[in-house]
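The lines below spell out each chain.
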Amino acid sequence: MKIIDGKALAATLRAELKDKIENSNIQPGLAVVIVGNDPASRIYVRNKIKACGEIGIRSFSYELPETATQKEVEDLLDALAEKDEIHGILLQLPLPKGLDSEAAMAHIPFEKDVDGFSAENLGLLTLHKEKVVACTPLGIMKILENEGVDLCGKHAVVIGRSDTVGKPMAMLLLNANATVTVCHSKTVDLKAICRTADVLVSAVGKAKFVTADMVKEGAVVIDVGMNRDEDGKLCGDVDFENVKEKTSCITPVPGGVGPMTITMLMYNTCITAFKE
Ligand code: GUN
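Engineer: Explain helix H7 (residues 166-175) to me, and be specific about the residues and the numbers.
Structural biologist: Because an α-helix completes one turn every 3.6 residues, residues spaced three or four positions apart along the sequence face the same direction. The buried fraction of H7 is high, at seven of 10 residues. When we look at burial in H7, the residues that qualify are Gly166, Pro168, Met169, Ala170, Leu172, Leu173 and Asn175. Elements that come into contact with the buried residues of H7 comprise helix H5 (119-126), helix H6 (135-146), strand E5 (155-159), strand E6 (179-183) and strand E7 (199-202).

So, in structure tokens, the structure goes:
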């Protein structure tokens, strides 16, 4: 059994991006927009801005109050869309209640969609003509590649069908020739399906959701969860201590998928800046 070091892989990839930026005559610029006071979102945004600075991406941070209107959010995104020094725009989700995130995100032009959430980028992914791919699923593919996991013909099970993680994850695995099952809250006999997974990706958001009896001997387990356990400690979706021994490799929380998500945001910002 191996515990995957997402932090180490992230550091390697960030060093490569830093080199690339230093050797380019364009300085990539990323605008990060946060609306309201969600404490978790504030931490995520702070980490994203810090990571930008470390590798030479210029970051522009915009904070709107909890009381911001739909029009105020959309007007800001329209203004950022016009700025040449900004190559990528990220609207931190979730937005405060009452705001329509889908309508707001439609104000981020496809060329500056570093989250890969736009209809265009999702469509390209579905057609296996990927351009900018959602950061968390892309980071997971880099982890699997780095571990030498051969996906061809394997059964990959994704728990969770969100537009931001589950759906793009399933599509990437399918494009890599895995046989993919997507499970969700209405799935009948989730446990039995998970037990047949060669690769199990959990994006549920519930502590200790994936238990040892749901995991096949030798499976690869990827944990996207960011939860708090009963003692308030950060933990993933997987009952790590009991599951790890059954796996061939497993990502921990923290230190697994999380650092890769931010790294892929940097990677995507370089794609939009360098028009790759
Ligand atoms: N909130 C949590 N994760 C993400 C993400 O990857 N992108 C955006 N825009 N918001 C998020």
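That was the structure; now back to the text.
Engineer: Describe helix H3 (residues 70-81), and please don't skip the residues or the numbers.
Structural biologist: With 12 residues, H3 should reach 16 Å at 1.5 Å per residue; the first-to-last C-alpha distance of 17 Å fits that figure. Taken together, the buried positions of H3 are occupied by Val73, Glu74, Leu76, Leu77 and Leu80. Viewed along the axis of H3, the buried residues span an arc of 155 degrees, placing them on a single side of the element. Looking at the buried side of H3, the elements it contacts are strand E2 (29-35), strand E3 (58-64), strand E4 (88-91) and helix H4 (101-105).

Engineer: An account of the packing of helix H2 (residues 39-55) against helix H10 (residues 257-274) is needed here, citing residue identities and associated values.
Structural biologist: Any two packed helices are characterised by the angle at which their axes cross and by the distance between the axes. Put simply, H2 and H10 touch, their axes get as near as 10 Å, and they point 55 degrees apart. When the interaxial angle is binned, H2 and H10 end up oblique. Considering the relative orientation of H2 and H10, their crossing is right-handed. Two secondary-structure elements touch here, H2 through Asn47, Lys48, Ala51, Cys52 and Ile55 and H10 through Ile262, Leu265 and Met266. Classifying every residue of the contact of H2 with H10 gives six nonpolar, one polar and one charged.

Engineer: Requested: an account of the sheet that holds strand E11 (residues 249-250), with residues and values cited.
Structural biologist: Pairing is parallel in the open sheet, where six strands are placed in the order E1-E11-E8-E7-E5-E6. Of all strands in the sheet, those with a lone pairing partner are strand E1 (2-3) and E6, marking the two edges. As defined by bridge partners, E5 adjoins E6 across five bridges and the pair is classed as parallel. Following the sheet pairing, Val158 is matched in E6 by Val182.

Engineer: Give a description of the environment of Val204 that names residues and reports values.
Structural biologist: Examined against the element boundaries, Val204 turns out to sit in the loop between E7 and strand E8 (220-223). The exposure class assigned to Val204 is partly exposed, which follows from its relative accessible area of 30%. Taking C-alpha positions, Val204 is 25 Å from Leu124, a pair spaced 80 residues apart along the chain.

Engineer: Let's hear about the site of the ligand: which residues, and what values?
Structural biologist: Looking at the ligand, the residues that line it are Leu90, Leu91, Gln92, Leu93, Asp115 and Phe117. Gln92 places a side-chain nitrogen or oxygen 3.1 Å from a nitrogen atom of the ligand. Contacts to the ligand include Asp115, whose side-chain N or O atom sits 2.6 Å from a nitrogen atom. Expressed as a share of its isolated accessible area of 280 Å², the protein-covered part of the ligand is 77%. For the ligand, the cavity whose grid points lie within 2 Å of the majority of its atoms is the largest pocket.

Calculation notes
Residues numbered from 1 in each chain as written. Predicted model: local features only at pLDDT ≥ 70, side-chain atom pairs only at ≥ 80, totals over all residues. Heavy atoms only, no water. Buried < 20%, exposed > 50% of the residue type's maximum accessible area, 1.4 Å probe, protein only. Helix = DSSP H or I, 4+ residues; strand = E, 2+ residues; numbered from the N terminus. Contact = heavy atoms within 4.5 Å. Expected span 1.5 Å × (residues − 1). Arc of directions from axis to C-beta. Axes fitted to C-alpha atoms, helices over the stretch in contact; angles between N-to-C directions. Parallel < 35°, antiparallel > 145°, perpendicular 65-115°, else oblique. Left-handed = near helix turned anticlockwise from the far one by under 90°. Nonpolar A, V, L, I, M, F, W, Y, C, P; charged D, E, K, R; others polar. Pairing = 2+ DSSP bridges. Near = heavy atom within 4 Å. Polar contact = N/O pair within 3.5 Å; in protein donor to acceptor, adjacent residues only side chain to side chain. Areas by Shrake-Rupley, 256 points an atom, 1.4 Å probe, with all protein chains shown as cover. 1 Å grid on protein atoms, 1.4 Å probe; cavity = no way out; pocket = protein on both sides within 12 Å on 5 of 7 lines; lining within 4 Å. Sits in = over half its atoms within 2 Å of the grid points.

Geometry only, nothing functional implied.
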